[in-house]
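Letter by letter, the chains look like this.
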Amino acid sequence: NSFDNDKLLYPASYSAVLSVAAVDSNGVRSDWSAKNNYVSIAAPGVDLWTTWNNGGYALKSGTSYASAHVAGIAARVWSVMPYLTSLQLLSFLVDAAQYEHQSYTGYGLVNHGFN
């Protein structure tokens, strides 16, 4: 997360990294999420319920939550197609993304690509 969100941040801005933007339930990139040309894909990351201290729950936001969504979908895809290399998996995620025609959400909202 960054308040100076058009600045290049690392490691997210390295070319070999899948950089993830956080979007809300309407698919709109959050104001605090990175907005630069290195964003690869977007995922839910705004106002998500998560477990919290002492067994409770809290409504939280962040690119860490968005990245976890992408990691979970990547794991699901890899469980079905374990023969994919990491670059092929990256290509699959980018190709399956639902393009939202918005600035700085990369190839769009992450999608598992299965019907």
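Residues numbered from 1 in each chain as written. Predicted model: local features only at pLDDT ≥ 70, side-chain atom pairs only at ≥ 80, totals over all residues. Heavy atoms only, no water.

1. Details of the pairing of strand E3 (residues 48–52)
Selection criterion: One bridge is not enough; two strands pair if DSSP finds at least two bridges between them. Strands here mean DSSP runs of E at least two residues long; helices mean DSSP runs of H or I at least four residues long; both are numbered from the N terminus.
Across five bridges, the pairing between E3 and strand E4 (residues 56–60) is antiparallel. Residue pairing across strands places Thr-51 opposite Tyr-57, the latter belonging to E4. Counted between consecutive antiparallel strands, the loop separating E3 from E4 contains three residues, among which Asn-54 sits at a positive phi close to 55 degrees.

2. Examining the nonpolar core
Which entries qualify depends on this criterion: In this text, buried Ala, Val, Leu, Ile, Met, Phe, Trp, Tyr and Cys residues form a nonpolar core when linked through side-chain atoms within 4.5 Å. In this scheme, a residue with accessible area under 20% of its type's maximum is buried, one over 50% is exposed, and one in between is partly exposed, where area comes from a 1.4 Å probe on protein chains only. Should any heavy atoms of two residues lie within 4.5 Å, those residues are considered in contact.
With 15 residues, the main nonpolar core has Ile-41, Val-70, Leu-93 and Val-110 as its most contacted residues. Put simply, the parts of the chain that give this core at least two residues each are strand E1 (19–23), strand E2 (39–44), helix H1 (63–80) and helix H2 (86–96). Excluding its chain neighbours within four sequence positions, the residues that come into contact with Val-70 are Leu-18, Val-20, Ile-41, Ala-43, Leu-93 and Val-110. Of all hydrophobic cores here, the second largest spans five residues; its members include Ala-21, Val-23, Ala-34 and Ala-42.

3. Some points on H2
Because an α-helix packs 3.6 residues into every turn, residues spaced three or four apart end up facing the same way. Leu-89, Leu-93, Val-94 and Ala-96 are the residues of H2 that are buried. Where H2 is buried, its residues touch E2 and H1.

4. Digging into unusual backbone geometry
For Asp-47, which is not glycine, the phi dihedral falls at a positive 55 degrees. With respect to the helices and strands, the residue Asp-47 is situated in the loop between E2 and E3. One non-glycine residue, Asn-54, adopts positive backbone phi at about 55 degrees. Looking at where Asn-54 falls in the secondary structure, it is placed in the loop between E3 and E4. Take Asn-54: its relative accessible area is 85%, and that puts it in the exposed class.

5. Brief notes about the confidence of the model for the protein chain
Any segment with low pLDDT has predicted coordinates that should not be analysed in fine detail. Heads up, the rule is: The predictor attaches a confidence to each residue, and that confidence, scored 0 to 100, is pLDDT.
With 89% of its residues at a pLDDT of 70 or more, the protein chain has an overall mean of 83. When pLDDT is averaged over each element of the protein chain, E4 comes out on top at 95 and E2 at the bottom at 87.

6. Considering a nonpolar patch on the surface
The criterion, for reference: Patch membership requires more than 30% relative accessible area and the absence of a salt bridge. Residues of like charge join within 9 Å; the nonpolar side chains Val, Leu, Ile, Met, Phe, Trp and Tyr join within 5 Å. Exposure was quantified through the Shrake-Rupley algorithm and a 1.4 Å probe, taking into account, for residues, occlusion by the shown protein chains and nothing else. Each reported salt bridge corresponds to a side-chain nitrogen of Lys or Arg within 4 Å of a carboxyl oxygen of Asp or Glu.
A surface patch of nonpolar side chains, about 490 Å² in accessible area, is lined by Leu-8, Tyr-10, Tyr-14, Val-17 and Tyr-38. Looking at the element boundaries, Tyr-38 is found in the loop between E1 and E2. By relative accessible area, Tyr-38 is classed as partly exposed at 39%.

7. Some thoughts on the packing of aromatic side chains
Operational definition: Aromatic pairs are defined between Phe, Tyr and Trp rings, using the six-membered ring for Trp, whenever the two ring centres lie within 6.5 Å; interplanar angles under 30 degrees are classed as stacked, those over 60 as edge-to-face, and all others as tilted. Criterion for a charge above a ring: Arg CZ or Lys NZ at most 6 Å from the ring centre, at most 35 degrees from the ring normal.
Per the stated rule, a full pass over the model turns up zero aromatic pairs. One Lys or Arg, Lys-60, reaches over the ring of Trp-52 and ends 4.1 Å from the middle of that ring.

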